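Structure at a glance
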Amino acid sequence: MVHLCFGYAAVVPGQKPSGYSFLPQLADSTAQQISIEAAQPKLDLGILSELAGKTILLGVIDLADPAIETPEQVAERIRAALQHVAAERLVPAPDCGMKYLARETAFGKLQALSAGAAIVRRELS
């Protein structure tokens, strides 16, 4: 597994790039799982199609924003990714680790992640 990250929001504040220039090379690598920070940098999810055949762990929880996402916000981020990645290859996840968040905030964000994924899972059934 390879994790792509622009740095912890608490440590690297400010505008983050909106994409990764090395995805074609990564697509050719032996890594089967690619974890991508996407919520905070508002990544153009069209780039996910460049990683055909890889399992994508997609960051759908923004760790720079202390506000807890609603399950529907998370579901929308997942639905957007499903436009470019098959459901069986998509794993919704936080952008990165949550060590800089208050425990209650981290727990609330994980609850929203779980509930948002459940919404989309029901839609796919």
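Going by the structure above, here's the rest.
Attention in this report is confined to the structure presented alongside it.

What counts, and where the lines are drawn
Residues numbered from 1 in each chain as written. Predicted model: local features only at pLDDT ≥ 70, side-chain atom pairs only at ≥ 80, totals over all residues. Heavy atoms only, no water. Salt bridge = Lys/Arg side-chain N within 4 Å of Asp/Glu carboxyl O. Buried < 20%, exposed > 50% of the residue type's maximum accessible area, 1.4 Å probe, protein only. Helix = DSSP H or I, 4+ residues; strand = E, 2+ residues; numbered from the N terminus. Pairing = 2+ DSSP bridges. Axes fitted to C-alpha atoms, helices over the stretch in contact; angles between N-to-C directions. Contact = heavy atoms within 4.5 Å. Lys, Arg positive; Asp, Glu negative; His and termini not counted. Core = buried A, V, L, I, M, F, W, Y, C linked by side-chain atoms within 4.5 Å. Parallel < 35°, antiparallel > 145°, perpendicular 65-115°, else oblique. Left-handed = near helix turned anticlockwise from the far one by under 90°. Nonpolar A, V, L, I, M, F, W, Y, C, P; charged D, E, K, R; others polar.

Some remarks on the pattern of salt bridges
Opposite charge on two side chains lets them pair, provided their charged atoms get close. Scanning the model with the defined rule gives 5 salt bridges in all. Here E72 makes a salt bridge to R79, at a shortest N to O gap of 2.7 Å. The partly exposed category is assigned to E72, whose relative accessible area is 38%. A relative accessible area of 21% means that R79 is categorised as partly exposed. One salt bridge in this structure joins E123 and R79, with 2.7 Å as the shortest N-O distance. Of this pair, E123 sits in helix 3 (residues 103-124) while R79 sits in helix 2 (residues 71-82), and the two are 44 residues apart along the sequence.

What to know about the sheet that holds strand 3 (residues 55-61)
Taken together, the 4 strands give an open sheet; going across it, the order is 1-2-3-4, and neighbouring strands pair in parallel fashion. Sheet topology places strand 1 (2-4) and strand 4 (90-94) at the edges, where each strand pairs with a single neighbour. The mean angle between the axes of side-by-side strands here comes to 25°, regardless of whether they run parallel or antiparallel. Summarising the sheet, strand 3 and strand 4 pair through 5 bridges and their orientation is parallel. Paired with I56 across the bridge in strand 4 is L90. Lying on the sheet, helix 2 is in contact with strand 3 and strand 4; it crosses strand 3 at an angle near 150°. Each of strand 3 and strand 4 touches helix 3; the most contacted strand, strand 4, lies at about 160° to it.

Structural notes on the side chain of R89
Relative to the assigned elements, R89 resides in the loop between helix 2 and strand 4. Lacking a salt bridge, the buried R89 has E88 as its closest oppositely charged neighbour, with an N-O distance of 5.8 Å.

So, unusual backbone geometry
A positive phi angle, near 50°, is found at K42, a position not held by glycine. Judged by its relative accessible area of 64%, K42 falls in the exposed class.

Overview of the nonpolar core
With 32 residues, the main nonpolar core has I34, I36, L48, I56 and L58 as its most contacted residues. Per element, the largest residue contribution to this core is 6 residues, and it comes from helix 3. Beyond its immediate chain neighbours, meaning those up to four positions away, I34 contacts V2, L4, L26, L51, K54, T55, I56 and L57.

Some words on the packing of helix 2 against helix 3
Between helix 2 and helix 3, whose axes approach to 7 Å, the crossing angle comes to 55°. Regarding the angle of helix 2 to helix 3, the classification is oblique. Considering the relative orientation of helix 2 and helix 3, their crossing is right-handed. For the pair helix 2 and helix 3, the contacting residues are P71, E72, V74, A75, I78, R79 and L82 in the first and A112, L113, A115, G116, A117, I119, V120, E123 and L124 in the second. Of the residues in the contact of helix 2 with helix 3, the class split is 12 nonpolar, 1 polar and 3 charged.

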